[in-house]
Amino acid sequence: MNNLIAPSRTLGYSNIFIDFVTDSKPAISLFAGLSPAQIADKLDHVEYNRPAICDILEKQNKLYGAAAATFDNIGRLRESNALCVFSGQQAGLFGGPMLIMIKALAIVKCARLYSEKLGRSVVPIFWIAGDDHDYEEVNHTFVFDRETERIKCEYSIPPERELPTSEIKFDDKAELEKARAQLWQAVGKSDFTPELAAMLERCYTPDDTYVTAFGKLMAALTSEYGLILFSPSDPEAKRLAIPFFKQIIGRQDAMHQRLNYANSRIQQDGYHIQVEKKDNAVDLFYNDSGRRPILRAGDNFVCGEQSFTAQELIRLIEERPERFSPDVMTRPVLQSYLFPVLSQKGGASEIAYLAQMNGIFDLFERVTPYYRARPSLTIIEKRFEKLIAEHNIEFEELVGDVEQLINRIFGESFPDNIAEVFDHLRKHIECHFEDITTASLKFDQALKGVASQTFGKIDFSLKAFEGKAFSAHKKHSSETREKIYRLWRSVYPNRGFQERSINVLYFLSRYGMGFIPFLYDRIDCEERAHQLIHLAEYK
């Protein structure tokens, strides 16, 4: 099995993403074309409130229980020429899908790489999207059981109203214990589960929100790497964002003009629009008894049943900034408003919507970051290596119709006309036996009965052998089929990439905490192809 799988439509990637990662036109022209060194030079001319944002980072990461390496990096960010590499995700239950850990380790590695290339401090920051309010996306996670069946673990009690995940607590103790029990029952006991269970008990408590619990777990799992965690839902961070929120209100016409122009270009180039927005969308949310989008209504603005003039809305931003949050189009700009962002690592859907909005950075006097696709990878467990090698299985076969793979392997392993083979053998033996019998009867006709009895025994033995061969064929087919299905469920669960659903705790429960440094070593943070990481190399 090849270790690098080129992005393709077969793997579910969009055309715009494929063209982006292959530096192909017209996609590449939709993004800023500056190098990291050029972006770094431009960032040197932008003012940031480093003391305030670093104080916020220190406070948050102390809450999460971060290690010394994280605070060393926060100290470096206080330097006037220090820069950041960003990635982020919603605060999923028990750390969410594997891709979160991949993103986190990748930006650590990229920050070190860019720091060496540029000769200046570059630190990794993970944006915990705690302003998001899609509860159904974060209230569950998946692990494999011992049969490689995908098992759902869920905290199934929703909040009474639509809230940002930073405000939703795990305040039902019984439900939280049930979710943890689902996890450990699925993965089973190992030498490593007691340590992991204790870690999860510390991080996920009834007093924690989705964001604080997630932050604690990520800080514990990445303690040696200096990863900085940031929650934009922090009231102090929202106060720093007041001028930005006000600019969104005051620059609506210019923003829509640029967004519409970008969408038009994207469609003319034959690509899809990742994020469809209403013409009256303000690209800002307001949280008052539920998080809702703000819309334009002529010269005024509405949110749910509330109506505001521009002046009233700006005054509300000044007085209650913690109630406001950016949407998908303005979130990357807020990131660059608060931090000197050198590079942004994103997945396929993120890259697609960045093509829509990357033209609005300069409206807010901010530098468009160096966009790169995040690493994408699949873990190949050692127990499947023999099967893969024996049948020369390629990754692309597992993301297609798995029955075609099974038919290919069976066709190579077993004759599909085995019944015809036995019938031909029986007729062949019978024909030659008749010749021998005819020749023998010339010597003694009394041999006819012996000949008939002898052929009956031969025919009986042949039929018995045929039956046993069919049984062995059926058993081997069933065993091989089940092995292939287990492999398929492992690398392409629920017909999607493993990283998009399976929680890292599954691998930690089987292989221990050493799995994370192993993963860090194996990730190529700049590789654009899908990477296969083989645990046969894990010691």
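A. Local environment of the packing of aromatic side chains. Applying the stated criterion across every chain yields a total of 30 aromatic pairs. Ring centres of Trp127 and Phe230 lie 5.3 Å apart, and the angle between their planes is 65°; this geometry places the pair in the edge-to-face category. Pair noted here: Trp127 is in strand β3 (residues 122-128) and Phe230 is in strand β6 (residues 228-230), with a separation of 103 residues, a long-range link. Pair check on accessibility: Trp127 and Phe230 agree, each one buried. Judged by centre distance (6.1 Å) and plane angle (55°), the rings of Phe244 and Phe245 are tilted. A relative accessible area of 0% means that Phe245 is categorised as buried. Positioned over the ring face of Phe142 is Arg150, at 3.7 Å from the centre of the ring.

B. Fine view of the sheet that holds strand β11 (residues 324-326). Pairing within the open sheet is antiparallel, and its five strands lie in the order β10-β9-β8-β7-β11. Only two strands of the sheet have a single neighbouring strand rather than two, namely β10 (306-308) and β11. The average undirected angle you get between the axes of adjacent strands in this sheet is 35°. As paired elements, strand β7 (residues 281-287) and β11 share three bridges and run antiparallel to each other. In the sheet register, Tyr286 faces β11, and the bridge partner there is Phe324. Each of β7, β8 (291-297) and β9 (300-303) is contacted by helix α12 (residues 252-268), which is oriented at about 120° to β7, the strand it contacts most.

Rules used throughout
- Residues numbered from 1 in each chain as written.
- Predicted model: local features only at pLDDT ≥ 70, side-chain atom pairs only at ≥ 80, totals over all residues.
- Heavy atoms only, no water.
- Phe/Tyr/Trp six-rings, centres within 6.5 Å; stacked < 30°, edge-to-face > 60°.
- Helix = DSSP H or I, 4+ residues; strand = E, 2+ residues; numbered from the N terminus.
- Buried < 20%, exposed > 50% of the residue type's maximum accessible area, 1.4 Å probe, protein only.
- Lys NZ or Arg CZ within 6 Å of the ring centre and 35° of its normal.
- Pairing = 2+ DSSP bridges.
- Axes fitted to C-alpha atoms, helices over the stretch in contact; angles between N-to-C directions.
- Contact = heavy atoms within 4.5 Å.

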